[in-house]
Every structure is written in structure tokens, then in C-alpha cells.
Amino acid sequence: MLRICTEQEYEKYAGFVYELALDQTKSGYPTYCDGIKTKEMFMERARKAFLSDTECILLFEYEGVVEGWIHYYYFPEDNYLSTESFNINFHTEQALQEFLELVQEKFKGYELFLGYPKQNKKAIDFLLAHGFECIEEDYNNSVFLSEYEPIRISDKVVSITKDNYQYFRALHSNLEGDMYWDSDRIYSDIDNWIIFAKIKDNEADGCVYFMTADDGWFEIFGIDFKDNVFDPVLFRELLGKALNAAKELGGKYMTFFCDEEGEETVIDLGFECVGGYVCYKKILM
């Protein structure tokens, strides 16, 4: 059974649910196994649900025993629905079934996005059996910037601002697909982004883009290539430029979700792999 979690129940069960967040077979994304996120971060983020009109924590109870919770949030203006935590001890399939029934009724027309570690086989098998589309499959990597040694980068890799945004837009708009952070959204929020592109013959061959971080934690949202053709040399250069910049800004950590073809370079530059990640999407009808 799913039911709305009260603040008193939050205090009672938050520690238990956090322990589930450390087990990649029982949890959803974001994972707390990366050596960066802490219990305090988990507690603080969950507590914010009680202050928001667009978030809710649902306790999952099975045969009278609380097995975890689902913390979901939504953006009405975008018909976007996802989860901040989906941590269930045993009966994951039952929790997913009840959650899907609830959101199909409450959020008709929304796009539901659910991300899990590859180790959470119960969740993945359920989603595949219930009409979800896998839209992303990556490796989750993190690096401690204090241990990173900057590499030499070509001066053809330039910073992207509103003044030269056309380089980034021309490249990213052809590749953004289902991404929430498309060219328009990034442009309207560009003060919170750091973007680099390698310019050749007056166009971008590739670009890397990541958000600024007040807490010293940066996350690369993507590396794009012209014609969507992976270039290992350019990949290393763009990734190195992002790492150099984050370290210069006093950053502590950087996270990057990378597909298999770039993973060897990612590890070579000092990242450690946290684990596999998959994201599924379903339009609620």
C-alpha cells in the first residue's frame, strides 16, 4: 500500500530509507553510493518535499510493514514527472505497480522518467514488462578534483556565452532529443552553465556542458559531437577542459554519466565508476 508520508513518519523512517539508498539492488537514482552524497544530503533533500507543492513522499507498506518510500516531483509547465528517491526493501514490483496506477490517474499526459542502477533487476524487469522505453544507458563516474592533474588543452576550445551561443545551439539542437536540458532551456538559464566548444571552420566540432556548483560539486550533462560521430581525441580534450575548469573554480568533485565508448578515457583521466545507470520513459495515458 502507498500512502502519503507525514513529517512524523519521515523522522521515523528516513534513516532506514537512507540505508536502502546505499544498496544499488534496492534503490533508484540519484544513488548515494558515489562517495560524494552523504546521509545529511539525503535527509535535507527529502525534508524539502514537505515545503513544496510539486513534491510528495509516499510510504510503501506491504502486509503491515513499511518497506521504503517513493519521493516524486513534477514540473506542471513541462508535463515532466520523475523521482528523487525510489528505495524499496523487498517488494519493488508491487511498489512500482501501485505507483504507476497512481500517477496514471493523477498525471495524465505527463512523461514519467525513472532511473535505476543496473543492479536493480526487479525494477528494470518491471519497467520493460510495462511499456517503458529505455532512453539512456550509461556508466556513472565521479572524480575527486583534488587528485586530478590538469592536462594541456588546445586554444581552439573556447567558452560559450550568449554572444557566441549559436555554435552550441547548432550542435546541441540536432542531438538533444528527449533531453530536458535542450538548447532553449540552457540558453534561458545560461548564467548557471559552463559550456566549452571546439571551433573549426566557423562551427563547433564538439562541446561539453555542465552546471555551476556552489557546493563544489559539478556534473557534466553531456559531450556532443558534430554529426553525432564519436571522436576519442576530441572527447578527451573536451573532458579535460571541463575538469581543468572545475578545478580552477575550486571544485571538489565532478560527476559524468558516460556511455561505453568513452568509459576508458574517463577512467584514464581519474574518474572512478560508481556503477551502471539506466533511465526509462513512459507517457502516461
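The numbers attached to residues start from 1 for each chain and follow its sequence in the written order. Owing to the predicted nature of the model, reporting of local features is limited to residues with pLDDT of at least 70; listing and counting of side-chain atom pairs is limited to 80 or more, with chain, interface and lining totals taken over all residues. Side-chain descriptors were evaluated using all non-hydrogen atoms of the structure, hydrogens and water having been removed beforehand.

1. Examining the overall build of the chain
Here is the rule we go by: Comment: elements are numbered from the N terminus, with helices defined as DSSP H or I runs of at least four residues and strands as E runs of at least two. A radius of gyration in this sense is built from C-alpha atoms; the matching globule rule multiplies 2.2 Å by the number of residues raised to 0.38. Think of it in three bands: residues with accessible area under 20% of the maximum for their type are buried, residues over 50% are exposed, and the middle band is partly exposed, with areas taken using a 1.4 Å probe on protein chains only. Residue contacts follow a heavy-atom distance rule, with two residues in contact if any of their heavy atoms lie within 4.5 Å. Here the accessible surface of atoms and residues is derived via Shrake-Rupley with a 1.4 Å probe, and residues count as covered only by protein chains that are part of the display. As used throughout, the charge tally considers Lys and Arg to be positive and Asp and Glu to be negative, leaving His and the chain termini uncounted. Taken as the charge location is NZ of Lys, CZ of Arg, CG of Asp or CD of Glu.
Of regular secondary structure, the chain possesses eight helices and 12 strands. On C-alpha atoms alone, the chain measures out to a radius of gyration of 20 Å, which is about the 19 Å that the 2.2 N^0.38 rule sets for 285 residues. The proportion of buried residues among the 285 residues of the chain is 51%. Within the chain, counting contacts between residues at least 6 apart in sequence, those at least 24 apart form 66% of the total. In the form shown here, the chain has an accessible surface area of approximately 14,000 Å², with 47% of it arising from carbon and sulfur atoms. Placing the 27 positive and 54 negative side-chain charges of the chain at their respective mean positions leaves the two points 1 Å apart.

2. Observations concerning the pattern of salt bridges
This is how the line gets drawn: Here, a salt bridge means any Lys or Arg side-chain nitrogen found within 4 Å of an Asp or Glu carboxyl oxygen.
Applying the stated rule across the entire model yields 14 salt bridges. Asp268 is paired through a salt bridge with Arg236; the nearest N and O atoms lie 2.8 Å apart. Placement of the pair is Asp268 in helix α8 (residues 260–268) and Arg236 in helix α7 (residues 232–248), with a sequence separation of 32 residues. In this structure Asp268 comes out as exposed when scored by relative accessible area, which is 53%. Looking at Arg236, the relative accessible area reads 31%, which means it is partly exposed. Within the structure, one salt-bridge network assembled from shared partners comprises Arg3, Glu9 and Glu61.

3. Looking at the pairing of strand β12 (residues 272–283)
The following threshold applies: Any two strands with at least two DSSP bridges between them are considered paired.
Counted residue by residue, β12 has nine buried out of 12 residues, so it is predominantly covered. When strand β5 (residues 111–117) meets β12, the two strands line up antiparallel, connected through seven bridges. Paired with Leu114 across the bridge in β12 is Tyr280. In this structure, strand β6 (residues 133–144) lies alongside β12, joined through nine bridges in antiparallel fashion. When the bridges of β12 are listed, Asn140 appears paired with Gly275.

4. Structural notes on the packing of helix α3 (residues 92–106) against helix α4 (residues 121–129)
Heads up, the condition is: Only the contacting stretch of a helix is used when fitting its axis, a line to C-alpha atoms as for every element, and angles between N-to-C directions run 0 to 180 degrees. Convention used here: angles under 35 degrees read as roughly parallel, angles over 145 as roughly antiparallel, angles from 65 to 115 as roughly perpendicular, and any remaining angle as oblique. Left-handed describes a crossing whose near helix is turned anticlockwise from the far helix through less than a right angle; right-handed describes the clockwise counterpart. Under the convention adopted here, Pro, Cys and the residues Ala, Val, Leu, Ile, Met, Phe, Trp and Tyr are nonpolar, Asp, Glu, Lys and Arg are charged, and Gly plus all remaining residues are polar.
As a packed pair, α3 and α4 sit with axes 9 Å apart at the nearest point and diverge in direction by 45°. Compared by their axis directions, α3 and α4 come out oblique. Pair α3 / α4 crosses with right-handed handedness. Along the contact surface, α3 presents Thr92, Glu93, Leu96, Gln97 and Leu100, while α4 presents Lys122, Ala123, Phe126 and Leu127. When grouped by side-chain class, the residues that make up the contact of α3 with α4 number five nonpolar, two polar and two charged.

5. Brief notes about the environment of Trp69
Examined against the element boundaries, Trp69 turns out to sit in strand β3 (residues 65–75). Note on Trp69: relative accessible area 0%, which makes it buried. Along the primary structure Trp69 and Ala14 are separated by 55 residues, whereas in three dimensions their C-alpha atoms are 9.0 Å apart.

6. Some remarks on the environment of Phe50
Structurally, Phe50 is set in the loop between α2 (39–47) and β2 (55–62). Overall, Phe50 belongs to the partly exposed group, its relative accessible area being 25%.

7. What about the packing of α7 against α8?
Interaxial distance between α7 and α8 falls to 10 Å at its minimum, and their mutual angle equals 45°. Taken together, the axis directions place α7 and α8 in an arrangement best described as oblique. Where α7 crosses over α8, the two elements pack in a sense that is right-handed. Residue-level inspection shows Phe235, Arg236 and Leu239 of α7 in contact with α8, the latter providing Gly262, Thr265, Val266 and Asp268.

8. Focus on the packing of aromatic side chains
Counted only if it meets this: Between 30 and 60 degrees the pair is tilted, below 30 it is stacked and above 60 it is edge-to-face, where a pair is any two Phe, Tyr or Trp rings, Trp via its six-membered ring, whose centres lie within 6.5 Å.
The tally for this structure, following the rule as stated, stands at 38 aromatic pairs. A ring pair is formed by Tyr72 and Phe99, whose centres lie 5.9 Å apart and whose planes are at 50°; its orientation type is tilted. With Tyr72 in strand β3 and Phe99 in helix α3, this pair connects stretches of sequence that are 27 residues apart. Given the relative accessible area of 2%, Tyr72 is considered buried. Geometrically, the ring pair formed by Phe86 and Phe99 is edge-to-face, given 5.8 Å between the ring centres and 90° between the ring planes.

9. Some words on the nonpolar core
Threshold: Put simply, buried Ala, Val, Leu, Ile, Met, Phe, Trp, Tyr and Cys residues joined by side-chain atoms within 4.5 Å make one nonpolar core.
In this structure, Leu81, Phe99 and Leu112 are the most contacted members of the largest nonpolar core, which totals 28 residues. Put simply, the parts of the chain that give this core at least two residues each are β2, β3, β4 (80–88), α3, β5, α4 and β12. With residues up to four places along the chain from it excluded, the contact list for Phe99 reads Leu2, Leu58, Ile70, Tyr72, Thr83, Phe86, Leu112 and Leu114. Listed in part, the 27 residues of the second largest apolar core include Phe225, Leu238, Ala242 and Ala246.

Any link to function would need more than the numbers given here.
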